[in-house]
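Coordinate inspection notes
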Amino acid sequence: MTKQDTMPEVNATRFFHDVISKSIRADAYVRIIEMFKETDVSKNMEFQHLFTWFYRVRRSKEWLEGYYKVFQKLRDKKGLDIETILTELDKMVDGGGKTLELSFASKMLATINTDMPIWDSLVKKNLGLPDAPSVNEPDRIRKGAELYGMLCETMKDLVTSPFVDLEIRKFDEMLPEYRNISRMKKLDFLLWGSDADA
């Protein structure tokens, strides 16, 4: 037996592939989208647990129950927009009206329509967008919807730009099994991953 025969298999390409896919939780995201298409999200605990884990939802049991009921109620609504989701979440018994749930409203919308972007602190920071309105601001829902509209415009400009197109091609080369993820979600992954503290 030669020395080469006893060498462990070393594959840097595979290593970095696995590190990247695990860091962005790509398998979990794909599973969320697959399950969403075929389940009642207000009742399916596997979907709820996975969504809650993936998006790091830290809310009470009562809040989560209300959230997933709204999710199911709105999933097939034609022309669904962020303002409608914000309004419904604002009505929730537990937590409703206490905070403007722009981040979780956007995550709901982006699951229903994967071509829509997600609002979160890292994306907001990396794009230089202002903070969401406070719960005490008049017209907070309208203002939140306008802010999300700004995010949509910025992200749509980015996702069609030559620079981002090149980066998405690199994403597809490194993670070919995730080619079917929407371009918008890939951009979201790239923006999220661009923060060293993420």
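One can find the structure itself at the top, above this paragraph.
Summarised in this report is the structure supplied together with it. Keep in mind that this is a model prediction, so the values were computed, not measured. Residues take numbers from 1 onward in each chain, read along the sequence in its written order. Local features are withheld for residues below a pLDDT of 70 in this predicted model, meaning they are given only at 70 or higher, and side-chain atom pairs are given and counted only at 80 or more; totals for whole chains, interfaces and linings count all residues. Processing note: side-chain calculations cover all non-hydrogen atoms of the structure and skip hydrogens and water entirely.

1. Focus: the overall build of the chain
Here is the rule: Strands here mean DSSP runs of E at least two residues long; helices mean DSSP runs of H or I at least four residues long; both are numbered from the N terminus. Between two residues, a contact is recorded if the distance between any of their heavy atoms is within 4.5 Å. Using a 1.4 Å probe, the Shrake-Rupley method yields the accessible areas, and only the shown protein chains count as cover for residues.
Counting its regular elements, the chain contains 10 helices and zero strands. Counted from the first residue to the last, the chain has its helices and strands arranged as α-α-α-α-α-α-α-α-α-α. Nonlocal contacts in the chain, meaning residues at least 24 apart in sequence, comprise 61% of its contacts between residues at least 6 apart. Here the chain displays about 11,600 Å² of accessible surface, and carbon together with sulfur accounts for 52% of that area.

2. Considering the packing of helix α2 (residues 26-36) against helix α3 (residues 45-54)
Note the threshold: The angle between two axes is taken between their N-to-C directions and runs from 0 to 180 degrees, where each axis is a line fitted to C-alpha atoms and a helix contributes only its stretch in contact. Throughout, a crossing is termed right-handed when the near helix is turned clockwise from the far one, and left-handed when it is turned anticlockwise from it by less than a right angle. When residues are grouped by polarity, Ala, Val, Leu, Ile, Met, Phe, Trp, Tyr, Cys and Pro land in nonpolar, Asp, Glu, Lys and Arg in charged, and all others, Gly among them, in polar.
With their axes 10 Å apart at the nearest point, α2 and α3 run at an angle of 145° to one another. Where α2 crosses over α3, the handedness of that crossing is left-handed. Only Glu46, Phe47, Leu50, Phe51, Trp53 and Phe54 of α3 make contact with α2, whose side of the interface consists of Ala28, Tyr29, Arg31, Ile32, Met35 and Phe36. Along the lines of polarity and charge, the residues of the contact of α2 with α3 split into 10 nonpolar, no polar and two charged.

3. Thoughts on the packing of aromatic side chains
Counted only if it meets this: The criterion for an aromatic pair is that two Phe, Tyr or Trp rings (for Trp, the six-membered ring) have centres within 6.5 Å, with stacked assigned to planes under 30 degrees apart, edge-to-face to planes over 60 apart and tilted to the rest. Partly exposed describes any residue whose relative accessible area lies between the buried limit of under 20% and the exposed limit of over 50%, with all areas from a 1.4 Å probe on protein chains only and scaled to the type maximum.
This model, assessed by the stated rule, comprises 19 aromatic pairs. With 5.9 Å between their ring centres and 75° between their planes, Phe47 and Phe71 make a pair best called edge-to-face. Placement of Phe47 in helix α3 and of Phe71 in helix α4 (residues 61-74) is noted, with a sequence separation of 24 residues between them. Residue classification places Phe47 among the buried residues on the basis of a relative accessible area of 1%. Both rings, one in Tyr67 and one in Phe104, keep their centres 6.4 Å apart while their planes meet at 75°; by these two values the pair is edge-to-face.

4. Details of helix α9 (residues 162-174)
Three- or four-residue spacings in an α-helix give side chains the same orientation, since the helix completes a turn every 3.6 residues. Which entries qualify depends on this criterion: By this rule the span expected of a helix is its residue count minus one, scaled by 1.5 Å. The directions considered for the arc are those from the helix axis to the C-beta atoms.
Taking 1.5 Å of rise per residue, the 13 residues of α9 would be expected to cover 18 Å, and the 19 Å separating its terminal C-alpha atoms lies within 8% of that figure. Of all the residues in α9, the buried ones are Val164, Ile168, Phe171 and Asp172. Buried residues of α9, viewed axially, fall in a sector of 95°; they line one side. Those residues of α9 that are exposed and aimed more than 90 degrees away from the buried face are Pro162, Phe163, Arg169 and Glu173.

5. A look at the environment of Ala145
In this fold, Ala145 is placed in helix α8 (residues 140-159). In this structure Ala145 comes out as buried when scored by relative accessible area, which is 15%. Separated by 59 residues in sequence, Ala145 and Leu86 have C-alpha atoms that sit 8.1 Å apart. When neighbours within four sequence positions are excluded, Ala145 is seen to be in contact with Ile82, Glu83 and Leu86.

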